[in-house]
Number of protein chains: 2
Amino acid sequence: MSGEFDLIARCFAPLAGPEGLDLKDDAALFRPPEGEDIVITADANVAGVHFLEGEQADVIARRLLRTNLSDIAAKGARPLGYLLTLALPPSIDVAWLDRFAAGLAADQARYGVRLFGGDTVSTAGPVVASITALGAVASGRMIRRAGAAPGDAVFVTGTIGDAGLGLAVAEGRAAAGLTPAERQFLETRFKLPEPPVGFGAALGAAGLATAAADVSDGLVADAGHIAVASGVRIEIESAAAPCSPAALASGVDRAVLLTSGDDYEIVFTAHPGHAEALAELGALHGVRVTRIGAVSSCAGGQPSAVLLDSAGAETVLEKAGYTHR
Amino acid sequence: MSGEFDLIARCFAPLAGPEGLDLKDDAALFRPPEGEDIVITADANVAGVHFLEGEQADVIARRLLRTNLSDIAAKGARPLGYLLTLALPPSIDVAWLDRFAAGLAADQARYGVRLFGGDTVSTAGPVVASITALGAVASGRMIRRAGAAPGDAVFVTGTIGDAGLGLAVAEGRAAAGLTPAERQFLETRFKLPEPPVGFGAALGAAGLATAAADVSDGLVADAGHIAVASGVRIEIESAAAPCSPAALASGVDRAVLLTSGDDYEIVFTAHPGHAEALAELGALHGVRVTRIGAVSSCAGGQPSAVLLDSAGAETVLEKAGYTHR
């Protein structure tokens, strides 16, 4: 590869917004929108850990950007831009980088974000890609994990469990009964999650949610994060949780689907009186919003999220969720 | 290592400022200072590339944070905080992480910055650490690389060439004539650079500089970045450039010293009438400010920075500077 500067000019400078100063300065310059807070998050992905060795470069790039935008969306913010650092082994060639950049370009257009800056370095190990993403939300309106109150209802966007199944498909551990179309659907749900970016920003602007988290560790685990931060008990009705036809066709137990990770949907709490408004907001953004449970006092017990079966009994879970390595 | 959550709680949550929400939410929340722009930069370091394998963890952490703060300072901004992503091989234990965090804690106190957030992941390869740093500068006051004008003088902070020699010492390629104390001094200049963070912020606030860059690729190369961005010719008088007694004792050619990298000082341009004010500003912050050259029109030629010998002749350089791998 021919030097860092050439590489940046060729692949990444075309992705830079005005904040990036053509990637020709020491730093990016960013004027924060007046009256708004900045929401900022960072996620790193490693070849062989977060994506399969040999995965297509555009898919790697888009997935990493989307997992970061998922955090921004779950906080009720609209995304603005991101910085990217890449540690690349010698096996990476310009064709790989062109494809990586093309993936970013596609999702920049899709989500209305710009590259602010970054760094590219060499490594003797696997590819490590790290993104820091920035978003903006009306001052004081960030939806935190803390804030859920007894009496609130629990909602989730999209469908849950597809990505966990999709990873199993990609790794050849697929449920046997699936059609090729179903396998394809599930694998894409893992590789290219579609975080509800527009809906998340609208949710923040509307001020309807009391708490929220993105579903990355697994629905029950992430609802548990809200429960712990808010000091409440969250009950999720297994039968109410939204699963895709492909996930249902897999025959995999619902408790497994609802504790698998990487969905990149939003689980949130809100006053039950807002249910209709939330459904309308979802419809406006093409996002399914499903009421899946309720918040109650933990009445002296430990704050937690539990899964209830159709008889209302607490499901004993082998694991509440997936821990990212 | 016992899970990402334990690790974060143990080592990194104590470093988090209020923006980090105890590292217990999906993202950091950051209220931008009114009337200021945000300056943001990212740098990644890899074991075996940017620091020696086996380097002490606190030194790795501090050097990475400082190289990021150097970019912030060179833009005239004061640093606010940073996000950290770490890709760690299985060989890393909690003692290493404790020491890494202790290094960050020391420099957070030194520079008045806070941890906003981040991510820790596993890798089968070498340690990859990436920091995104944020700073603030009065609106419109960021010092860019573009802006140097014919007639401006060129200044640099600190001393130049120590870090390049220090790397040679650390790698056992040391100049033979150095005393142990000189070797120690130079090695420390490489391992723990001291970017002029307070001076940089003051320079931005004072509005005295027309252009600036941090000296990371080498003085002549980084002055060259200013020249190209500004469309001017920059002449640096070799004899005027500040070198430490240890660097002078090394007997290494000045042209080599002034083209070696990793100094993390600031090279900047300003109207020559500000020379006295700049020296005073430096004195106030304990930073040596040296006038080293002049900006002129490139008169139809390519914009560039050149090094002049004591007779005023242009030194032919083998390389203008160090390219980071």
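The structure we're discussing is the one just above.
Residues numbered from 1 in each chain as written. Chains lettered and ligands numbered in written order. Predicted model: local features only at pLDDT ≥ 70, side-chain atom pairs only at ≥ 80, totals over all residues. Heavy atoms only, no water.

> Give me the lowdown on the pattern of salt bridges, citing residues and values where you can.
In the structure shown here, the tally under the stated rule is 38 salt bridges over all chains. Between Glu194 of chain A and Arg110 of chain A there is a salt bridge; the shortest N-O distance is 3.4 Å. In this pair, Glu194 of chain A sits in the loop between helix H5 (180–191) and helix H6 (197–206) while Arg110 of chain A sits in helix H3 (residues 94–111), placing the two residues 84 residues apart along the sequence. We classify Glu194 of chain A as partly exposed; its relative accessible area is 45%. A relative accessible area of 44% places Arg110 of chain A in the partly exposed class. Here Glu265 of chain B makes a salt bridge to Arg189 of chain B, at a shortest N to O gap of 3.4 Å. Linking Glu265 of chain B in the loop between helix H9 (254–257) and strand E9 (266–270) with Arg189 of chain B in helix H5 (residues 180–191), this pair joins segments that are 76 residues apart in sequence. With respect to burial, Glu265 of chain B and Arg189 of chain B carry one shared label: buried. Where salt bridges share partners, they join Asp25 and Asp26 of chain A together with Lys75 and Arg145 of chain B into one cluster. (Salt bridge = Lys/Arg side-chain N within 4 Å of Asp/Glu carboxyl O. Helix = DSSP H or I, 4+ residues; strand = E, 2+ residues; numbered from the N terminus. Buried < 20%, exposed > 50% of the residue type's maximum accessible area, 1.4 Å probe, protein only.)

> Pulling in residues and values, what's your account of the relation of the copies chain A and chain B?
Mapping chain A onto chain B leaves a residual RMSD of 0.0 Å; the transformation is a rotation of 180° accompanied by 0.0 Å of translation along its axis. In the structure described here, the two chain copies are related by an operation that fits a two-fold rotation axis. Looking at the rotation axis and the C-alpha trace of chain A, the residue lying nearest is Gly125 of chain A, at 2.0 Å. Most of the interface of chain A is mirrored in chain B, where 100% of its interface residues are also at the interface. (Least-squares fit on C-alpha atoms with pLDDT ≥ 70 in both. Contact = heavy atoms within 4.5 Å.)

> Explain the interface of chain A and chain B residue by residue, including any values.
Counting from both sides, the interface comprises 56 residues of chain A and, opposite them, 56 residues of chain B. Note on chain A versus chain B: buried area summed over both sides is about 4400 Å², and carbon and sulfur give 58% of it. Between the two partners, chain A and chain B, sit 8 salt bridges. The closest approach of N and O atoms between Arg145 of chain A and Asp26 of chain B, which form a salt bridge, is 3.0 Å. Inspection of the chain A/chain B interface yields 27 residue pairs in polar contact (both at pLDDT 80 or more). Sorting the residues of the side of chain A that touches chain B by element identifies helix H1 (4–12), strand E1 (28–30), strand E2 (36–46), helix H2 (57–74), strand E3 (78–88), strand E4 (114–122), strand E5 (128–138) and strand E7 (209–214) of chain A as the ones contributing at least two each. In terms of residue count, the dominant contributor to the side of chain A that touches chain B is E2 of chain A (10 residues). Taken together, the 3 bridges between E1 of chain A and strand E2 (residues 36–46) of chain B define a ladder with antiparallel strand orientation. Looking across to E2 of chain B, one finds that Ala28 of chain A is bridged to Ile40 of chain B. (Buried area = accessible area lost by both parts, 1.4 Å probe. Polar contact = N/O pair within 3.5 Å; in protein donor to acceptor, adjacent residues only side chain to side chain. Pairing = 2+ DSSP bridges.)

> I'd like a rundown of the sheet that holds strand E9 (residues 266–270) of chain A, residues and numbers included.
Residues and elements named next belong to chain A. Spatial strand order, E7-E9-E6-E10-E8-E11: 6 strands in an open sheet with mixed pairing. Every interior strand has two partners, whereas the edge strands, E7 and strand E11 (304–308), have only one. Across the sheet, the mean angle separating the axes of adjacent strands is 25° when strand polarity is ignored. With 5 bridges connecting them, strand E6 (residues 153–157) and strand E10 (residues 289–297) associate as antiparallel partners. Across the sheet, Val156 pairs through a bridge with Thr290, a residue of E10. Each of E7 and E9 is contacted by H2, which is oriented at about 170° to E7, the strand it contacts most. Helix H7 (residues 219–230) rests against E6, E7, strand E8 (232–237), E9, E10 and E11 of the sheet, and its axis sits at about 155° to E8. (Axes fitted to C-alpha atoms, helices over the stretch in contact; angles between N-to-C directions.)

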